[in-house]
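# Observations on the model geometry
Residue-level listing of the chains:
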Amino acid sequence: MSQDIFNQRADGEAVAASLVPATVPQAQMACHEAQLIGYALSQHVPDMRRGFEILTRYGRWHIDAKPAAQMAELMRQHLMQQLETI
C-alpha cells in the first residue's frame, strides 16, 4: 500500500517537488492570486467583450466590439491556463 506524501517525508523518502505541500504563506499567495484571476474572469473579461481602450505611451487606443470579443476570449483562455498553474 502506498503512503501519502506526509508519511513519505516523515520516512525521509524523496518526494517530487510538485507534491510537496505549500507552506502557509505560499498557499495564502496562491489563494489571493486565484481570487484575482477569478475576479478578472467574472468581471473584466465579460466587460471587455463590448469594447475597451488600451493605454500606451503613445496614447489611448479604442478596440471596437468585434475584435474586443475575440481578444476577450483569448484573455479568458490565458487566465484559465494561469488558474490551472496555481
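See the structure printed just above.
Our subject in this report is the structure included herewith.

## Notes on the nonpolar core
Residues I37, A40, L41, V45, M48, F52, I63, A68, A72 and L79 constitute the largest nonpolar core, which totals 10 residues. At the level of secondary structure, the elements contributing two or more residues to this core comprise α2 (24-48) and α3 (65-85).

## Structural notes on the pairing of strand β2 (residues 59-63)
In terms of strand pairing, strand β1 (residues 52-56) meets β2 through 5 bridges, oriented antiparallel. Each bridged residue has a counterpart across the sheet, and for T56 the counterpart in β2 is G59.

## Re the pattern of salt bridges
The full count for this structure, using the stated rule, is 4 salt bridges. The residue R49 makes a salt bridge to E73 at a minimum N-O spacing of 3.6 Å. Of the two residues, R49 is situated in the loop between α2 and β1 and E73 in helix α3; the sequence distance between them amounts to 24 residues. With a relative accessible area of 34%, R49 lands in the partly exposed category. A residue is classified by how much of its surface remains accessible, and E73, at 24% relative accessible area, is partly exposed. A salt bridge links R76 to E73, with the shortest nitrogen-to-oxygen separation between them at 2.8 Å. Taken together, the residues span about one helical turn, with R76 and E73 both in helix α3 at a distance of 3 residues.

Reading guide: rules and limits
Residues numbered from 1 in each chain as written. Predicted model: local features only at pLDDT ≥ 70, side-chain atom pairs only at ≥ 80, totals over all residues. Heavy atoms only, no water. Core = buried A, V, L, I, M, F, W, Y, C linked by side-chain atoms within 4.5 Å. Buried < 20%, exposed > 50% of the residue type's maximum accessible area, 1.4 Å probe, protein only. Helix = DSSP H or I, 4+ residues; strand = E, 2+ residues; numbered from the N terminus. Pairing = 2+ DSSP bridges. Salt bridge = Lys/Arg side-chain N within 4 Å of Asp/Glu carboxyl O.

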